[in-house]
Amino acid sequence: MRRALTGAVLTMALLAVASPAALAHPLGNFSVNHLTKVRVSADRVDVLYILDQAEIPTFQERDEPRSQVLAAKRAEITRGLQLKVNGREAALVPAAAGELRHLKGQGGLLTTRLELSLSASVEDPRRVELSDRTFPDRVGWKAIVAQPGEGTAVRTDAPSGDPTRGLRRYPGDLLDSPLDRRSASFTVEPGDGSLVAPRAEGDRMVTTRDASGQGFAGLFDDAASGQGVLVLLLLAALGWGALHALSPGHGKAMVAAYLIGTRGTARHAVGLGVTVTITHTLGVFALGLVTLLLSQYILPEDLYPWLTLVSGLLVVCIGAGVLRSRIRGRGHSHSHHHHDHTVSRRSLIGMGAAAGLIPCPSALVVLLGAIAQHEVALGLLLIVAFSVGLAATLTGLGLLVVYARRILPRLRMDGRLAAMLPAASALAIVVVGCVLTAQAVPGVV
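Report on the accompanying structure. Counting starts from 1 at the beginning of each chain's written sequence and moves along it residue by residue. A pLDDT threshold of at least 70 governs which residues receive local features in this predicted model, and a stricter bar of 80 or more applies before side-chain atom pairs are shown or counted, although totals over entire chains, interfaces and linings include all residues. Calculated side-chain values reflect all of the structure's heavy atoms, with hydrogen atoms and water omitted.

1. Observations regarding the overall build of the protein chain
- Secondary structure counts use DSSP, requiring at least four H or I residues in a row for a helix and at least two E residues in a row for a strand, with both numbered from the N terminus. Along the backbone of the protein chain there are 12 helices and 13 strands.
- Working definition: with a 1.4 Å probe on protein chains only, accessible area under 20% of the residue-type maximum means buried, over 50% means exposed, and in between means partly exposed. Residues counted as buried form 42% of the 445 residues belonging to the protein chain.
- Within the protein chain, contacts between residues at least 6 apart in sequence are counted, and of these 78% link residues at least 24 apart.
- Throughout, the Shrake-Rupley method with a 1.4 Å probe supplies accessible areas, and for residues the shown protein chains are the sole cover considered. For the protein chain, the computed accessible surface area is about 23400 Å², with 62% contributed by carbon and sulfur atoms. By definition, residues are in contact when any of their heavy atoms lie within 4.5 Å.

This is the structure we're talking about:
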């Protein structure tokens with residue numbers, strides 16, 4: 001009996017030593033970590049408080065109802081965050097109930113994650129001071145991060161960067177001496193949304209600007225605040241998507257080469273545009289769900305190399321199929337025409353999916369911003385309009401290629417050169433696919 005007991009104890013000790021350190025909370029099972037993001041605007045101060053509570057503190061709350069835990073933490077945060085504007089105290093009021101989640105931790109235990117948005121109405125802010133006195137006796141990461149506001153020019157020594165990505169990943173070189181910033185002051189002047197602050201603690205000062213109102217991401221802010229007309233916003237999103245398609249990497253060369261290689265018609269060009277619209281819209285929605293529901297397991301930016309790899313391989317397969325049909329059908333006019341039509345139909349959806357498979361990050365930002373502001377329907381409409389604009393440019397390019405090809409017989413072009421053009425276009429599709437695949441491989445290895 002004694003030997004068995006000793007063996008069990010040694011086995012448990014060995015398992016404890018051999019278990020991967022990654023299973024434990026990086027800052028210890030007792031840690032209570034919190035991050036406060038601050039935005040100083042001309043008429044308000046917005047604060048996002050993020051709490052990451054390790055296994056042991058979470059276990060101590062196991063018998064308390066979820067609503068009671070949330071209420072207690074809201075009270076702790078509201079009481080512990082002290083805001084002063086121009087030397088006077090300003091009340092930070094929670095904007096919503098807060099999002100409380102329990103995530104898997106070490107040994108089958110859970111950890112706690114809470115995100116709570118607070119806001120204070122202000123008038124003519126000149127100096128803003130924030131003190132974070134929440135959970136004062138608990139060890140852990142404590143940080144205050146500055147973000148650009150609206151209508152202000154802010155200067156602070158609080159960093160603008162967050163190495164933890166919202167307390168999701170802790171940098172290994174800082175675990176021995178975790179950040180412990182509990183206060184920050186901000187000098188405020190009227191401005192255009194600029195922020196002068198170090199990227200990290202102790203770094204040199206750099207200037208960043210408020211991204212709202214810039215490009216497509218700014219459309220949602222205008223809509224949420226009631227500015228403008230819905231139709232005008234949708235038209236703006238449509239136009240921005242159309243312009244965005246002109247930037248590198250959105251399948252223009254693939255679409256043109258595909259329609260030339262398959263001798264596509266105007267109907268094929270329109271069908272290609274519709275497929276791009278549907279694929280891109282669904283891609284943004286899917287990536288948004290990943291960001292909201294699976295962010296603790298995988299980051300959206302980690303998916304982009306995989307999407308690029310899938311898109312590249314898909315293009316290679318389509319290009320190889322078109323090239324094979326060009327070679328086989330050479331010299332057999334009747335069978336060539338029939339096979340060409342079949343290839344176009346089979347590969348049309350694949351090519352459209354490849355062109356729209358990689359969602360635009362700007363569209364993802366709009367979707368997440370819409371969800372955060374409870375304007376989901378508007379965000380979805382803007383994304384659909386953006387995708388339609390993106391596809392409209394590709395469709396227009398496709399129609400241009402189709403009708404330009406009809407003009408070629410009227411030109412005095414060498415017959416052999418004209419006959420080789422579809423095969424050369426199919427080869428170009430393969431090359432583009434190989435380039436996309438090669439670009440994606442380093443990101444997934």
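2. Some details on the packing of aromatic side chains
- Geometry of aromatic contacts follows a simple scheme: Phe, Tyr and Trp rings, the Trp one being its six-membered ring, pair when their centres are within 6.5 Å, and the pair is stacked under 30 degrees between planes, edge-to-face over 60, tilted otherwise. Summed over all chains, the structure comprises one aromatic pair.
- Ring plane angle 65 degrees and centroid distance 6.0 Å describe the contact between Trp-141 and Tyr-170, whose orientation is recorded as edge-to-face. Here Trp-141 is found in the loop between strand 8 (127-132) and strand 9 (142-147), whereas its partner Tyr-170 is found in the loop between strand 10 (152-156) and strand 11 (183-190), with 29 residues between them in sequence. Side by side, Trp-141 and Tyr-170 carry an identical accessibility label, which is buried.
- Two conditions define a charge located above a ring, namely a distance within 6 Å from the ring centre to NZ of Lys or CZ of Arg, and an angle within 35 degrees of the ring normal. Above the face of the Phe-59 ring, Arg-62 is positioned so that its terminal group lies 4.0 Å from the ring centre.

3. Notes on the pattern of salt bridges
- The salt bridge criterion pairs a side-chain nitrogen of Lys or Arg with a carboxyl oxygen of Asp or Glu, the two atoms within 4 Å. Scanning the entire structure with this criterion turns up 13 salt bridges.
- The closest approach of N and O atoms between Asp-180 and Arg-182, which form a salt bridge, is 3.1 Å.
- Here Arg-181 and Glu-201 are joined by a salt bridge, their closest N and O atoms 2.6 Å apart. In this pair, Arg-181 sits in the loop between strand 10 and strand 11 while Glu-201 sits in the loop between strand 12 (194-198) and strand 13 (205-209), placing the two residues 20 residues apart along the sequence.
- For Arg-181, a relative accessible area of 13% translates into the label buried.
- When its relative accessible area of 33% is taken as the criterion, Glu-201 is described as partly exposed.
- A single salt-bridge network, built from bridges that share partners, covers Arg-39, Asp-43, Arg-44, Asp-46 and Glu-150.

4. Brief notes about the sheet that holds strand 12
- Only when DSSP finds a minimum of two bridges between them are two strands counted as paired. Taken together, seven strands build an open sheet; the order of strands is 4-3-8-11-10-12-13 and the sheet is mixed. Two strands in the sheet have a free side with no partner beyond their single neighbour: strand 4 (88-90) and strand 13. Sheet twist, expressed as the mean angle between neighbouring strand axes with direction ignored, is 25 degrees.
- Bridge analysis of strand 10 against strand 12 gives three bridges, and the strand direction is parallel. Paired with Ala-153 across the strands is Ser-194, a residue of strand 12.
- Axis lines are fitted through C-alpha atoms, for helices just across the contact stretch, and the angle between N-to-C directions can take any value from 0 to 180 degrees. Strands in contact with helix 3 (residues 66-80) are strand 3 (81-85) and strand 8; relative to strand 3, the strand with the most contacts, it is inclined by about 35 degrees.

5. Considering a nonpolar patch on the surface
- By definition, no residue in a patch forms a salt bridge, and every one has over 30% relative accessible area; like charges are joined within 9 Å, nonpolar side chains (Val, Leu, Ile, Met, Phe, Trp, Tyr) within 5 Å. Taken together, Leu-235, Leu-238, Val-384 and Val-388 make up a surface patch of nonpolar side chains, about 280 Å² in accessible area.
- Of all the elements in the fold, those that place two or more residues in the nonpolar patch are helix 5 (230-244) and helix 11 (376-407).
- Mapped onto the fold, Val-384 is located in helix 11.
- On the accessibility criterion, Val-384 (34% relative accessible area) is partly exposed.

6. A closer look at the nonpolar core
- Grouped together as the largest cluster of nonpolar side chains are 33 residues, with contacts concentrated most on Val-40, Leu-83, Leu-92, Leu-118 and Phe-186.
- Remark: nonpolar core denotes a set of buried residues (Ala, Val, Leu, Ile, Met, Phe, Trp, Tyr, Cys) joined through side-chain atoms within 4.5 Å. Among the nonpolar cores identified, the runner-up in size contains eight residues, and Leu-27, Leu-35, Ala-143 and Tyr-170 belong to it.

7. Looking at helix 3
- Helix span, as expected, comes to 1.5 Å for every residue beyond the first. Across its 15 residues, helix 3 extends 21 Å between first and last C-alpha, which sits within 8% of the 21 Å expected from 1.5 Å per residue.
- Residues Val-69, Leu-70, Lys-73, Glu-76, Ile-77 and Gly-80 constitute the buried set of helix 3. Across the axial projection of helix 3, the buried residues extend over an arc of 125 degrees, all falling on one side. The outward face of helix 3, more than 90 degrees from its buried face, is lined by the exposed residues Ser-67 and Arg-79.
- Considering only its buried residues, helix 3 is in contact with strand 2 (44-53), strand 3, strand 6 (99-104), strand 7 (110-121) and strand 8. Along the arc lie the directions from the helix axis toward the C-beta atoms.

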